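Each chain is listed here by its residues.
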Amino acid sequence: GSEVARILAELAQMSRPGTATAELDAHAHAEAIRLGAYPSTLGYRGFPASLCTSPNEVACHGIPGPALLSDGDLLSIDLTLWRDGIHADACITIGVGELAPHAARLMEVALDSLNAGMAAVGPGRVVGEIGVATEAAATRGGMRIVDTFRGHGIGTAFHGPPSVPHVPDVMASFRLEPGMVFTIEPILTWGDPAIRTLTDGWTAVTVDGSWCAQFEHTVVVTDDGCRPLTTAAAS
Ligand code: MF3
Ligand code: CO
Ligand code: CO
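Scoring rules and cut-offs
Residues numbered from 1 in each chain as written. Chains lettered and ligands numbered in written order. Predicted model: local features only at pLDDT ≥ 70, side-chain atom pairs only at ≥ 80, totals over all residues. Heavy atoms only, no water. Donors = N, O, S within 2.8 Å, 3.2 Å for Na, K, Ca; no water. Tetrahedral: all angles 85-135°; square planar, octahedral: opposite > 155°, others 65-115°. Near = heavy atom within 4 Å. Polar contact = N/O pair within 3.5 Å; in protein donor to acceptor, adjacent residues only side chain to side chain. Areas by Shrake-Rupley, 256 points an atom, 1.4 Å probe, with all protein chains shown as cover. Nonpolar A, V, L, I, M, F, W, Y, C, P; charged D, E, K, R; others polar. Pairing = 2+ DSSP bridges. Helix = DSSP H or I, 4+ residues; strand = E, 2+ residues; numbered from the N terminus. Axes fitted to C-alpha atoms, helices over the stretch in contact; angles between N-to-C directions. Salt bridge = Lys/Arg side-chain N within 4 Å of Asp/Glu carboxyl O. Buried < 20%, exposed > 50% of the residue type's maximum accessible area, 1.4 Å probe, protein only. Expected span 1.5 Å × (residues − 1). Contact = heavy atoms within 4.5 Å.

Draft legend 1. Broad picture of the coordination of the cobalt ion (ligand 2). Coordination of the cobalt ion (ligand 2) by the protein comes from Asp78 (OD), Asp78 (OD), Asp89 (OD) and Glu216 (OE), over a distance range of 2.0 to 2.3 Å. Coordination at the cobalt ion (ligand 2) is irregular, judged from the six donor atoms that bind it and the angles of 59 to 169° they form at the metal. Mapping the donors of the cobalt ion (ligand 2) onto the primary sequence gives the spacing D-x10-D-x126-E. Separating the cobalt ion (ligand 2) and the cobalt ion (ligand 3) is a distance of 3.3 Å, and Asp89 donates to both of them.

Put into structure tokens, the structure is as follows:
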């Protein structure tokens with residue numbers, strides 16, 4: 001888990017104007033292999049890369065390629081590694097060069113939303129409380145949640161139950177218990193959260209071109225809350 005955080009920090013350092021997203025992919029792939037890990041997205045349902053790179057109006061599942069990053073881009077980088085039989089999944093959003101104020105604000109509110117979601121986790125609580133909290137934080141910050149995409153149970157499988165909403169969902173009554181592991185990964189936008197998928201079959205963009213930001217952690221439910229497994233400090 002902490003290795004995911006470390007590699008994401010390295011990728012953030014590499015993300016300067018003129019960097020190709022394919023360079024980020026190559027670094028993530030090389031680091032995974034060096035660690036004896038596998039980049040879970042590579043070949044997952046045919047996904048062609050070792051991480052997702054999602055700039056600006058791309059909400060998620062962007063495919064790294066030869067396109068160069070530019071000053072002012074808002075880039076999400078989502079990396080999942082599989083090692084010793086389990087997956088760890090995390091995403092950060094960074095500014096390339098200098099961000100416009102509204103993009104910087106979107107990035108901040110996206111991090112607030114993830115933190116609010118994590119604060120809603122604890123034994124005996126239901127998974128739907130996470131969506132209430134992530135959405136409230138987004139609304140407080142003047143942003144919207146892209147509710148098409150949800151968090152997910154994770155462990156020996158990349159995606160499993162429970163499905164974790166990022167907006168209120170009365171159906172999300174799954175009750176949390178210590179030791180359960182899942183992701184929280186709200187995508188926020190400053191505009192309309194409607195999404196369409198490009199003809200590559202993966203890249204999810206906002207219909208109106210509004211920019212997006214996303215932060216994700218893999219978390220474990222503890223006796224009194226939760227602990228992120230995808231931070232530098234995680235064991
Ligand atoms: N890491 C993404 C998630 O948070 C999943 C990416 S699947 C891919 O669940 F195939 F698009 F890579
Ligand atoms: Co992810
Ligand atoms: Co995920």
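Further notes follow.
Draft legend 2. Representation of the site of ligand 1. Taken together, 14 residues lie near ligand 1, and Thr41, His152, His159, Glu185 and Glu216 sit nearest. Glu216 is positioned with one of its side-chain polar atoms (N or O) 3.0 Å from an oxygen atom of ligand 1. For ligand 1, whose accessible area on its own is 340 Å², the fraction buried by protein is 96%. Across the shell around ligand 1, the residue classes break down as five nonpolar, five polar and four charged.

Draft legend 3. Seen up close, the sheet that holds strand E3 (residues 58-60). Taken in spatial order, the three strands line up as E3-E12-E11 in an open sheet, and their pairing is antiparallel. The outermost strands of the open sheet, each flanked by one partner alone, are E3 and strand E11 (195-197). Pairs of neighbouring strands in the sheet enclose a mean axial angle of 40°, with direction left out of account. As paired strands, E3 and strand E12 (residues 204-206) are joined by two bridges and run antiparallel to one another. Within the sheet, the bridge partner assigned to Val58 lies in E12 and is Val205.

Draft legend 4. Here's a closer look at the coordination of the cobalt ion (ligand 3). The protein atoms that coordinate the cobalt ion (ligand 3) are Asp89 (OD), His152 (NE2), Glu185 (OE) and Glu216 (OE), at distances spanning 2.1 to 2.2 Å. Each of the six donor atoms around the cobalt ion (ligand 3) contributes to a set of angles spanning 52 to 162°, which defines the coordination as irregular.

Draft legend 5. Fine view of the pattern of salt bridges. Applying the stated criterion across every chain, the model contains seven salt bridges. Two residues, Asp169 and Arg150, come together in a salt bridge whose shortest N-O distance is 3.1 Å. Remark: Arg150 occurs in the loop between strand E6 (144-145) and strand E7 (151-153) and Asp169 occurs in the loop between strand E8 (160-164) and strand E9 (181-184); sequence separation between them is 19 residues. With relative accessibility at 23%, the residue Asp169 sits in the partly exposed group. Beyond isolated ion pairs, a larger network of salt bridges with shared partners links Glu3, Arg6, Glu10, Glu31 and Arg34.

Draft legend 6. Structural view of the pairing of E8. Pairing analysis gives three bridges linking E7 to E8, with the strands arranged antiparallel. Residue pairing across strands places Gly153 opposite Gly160, the latter belonging to E8. Where E7 folds back on E8, the antiparallel hairpin that results is connected by six residues.

Draft legend 7. Structural view of helix H4 (residues 128-140). In a regular helix each residue adds 1.5 Å, so 13 residues correspond to 18 Å; H4 covers 19 Å between its end C-alpha atoms and thus fits that length. When H4 is considered as a whole, its buried residues turn out to be Gly128, Ile130, Gly131, Ala133, Thr134, Ala137 and Ala138. Contact partners of the buried residues in H4: helix H3 (101-119), E6, E8, E9 and strand E10 (187-189).

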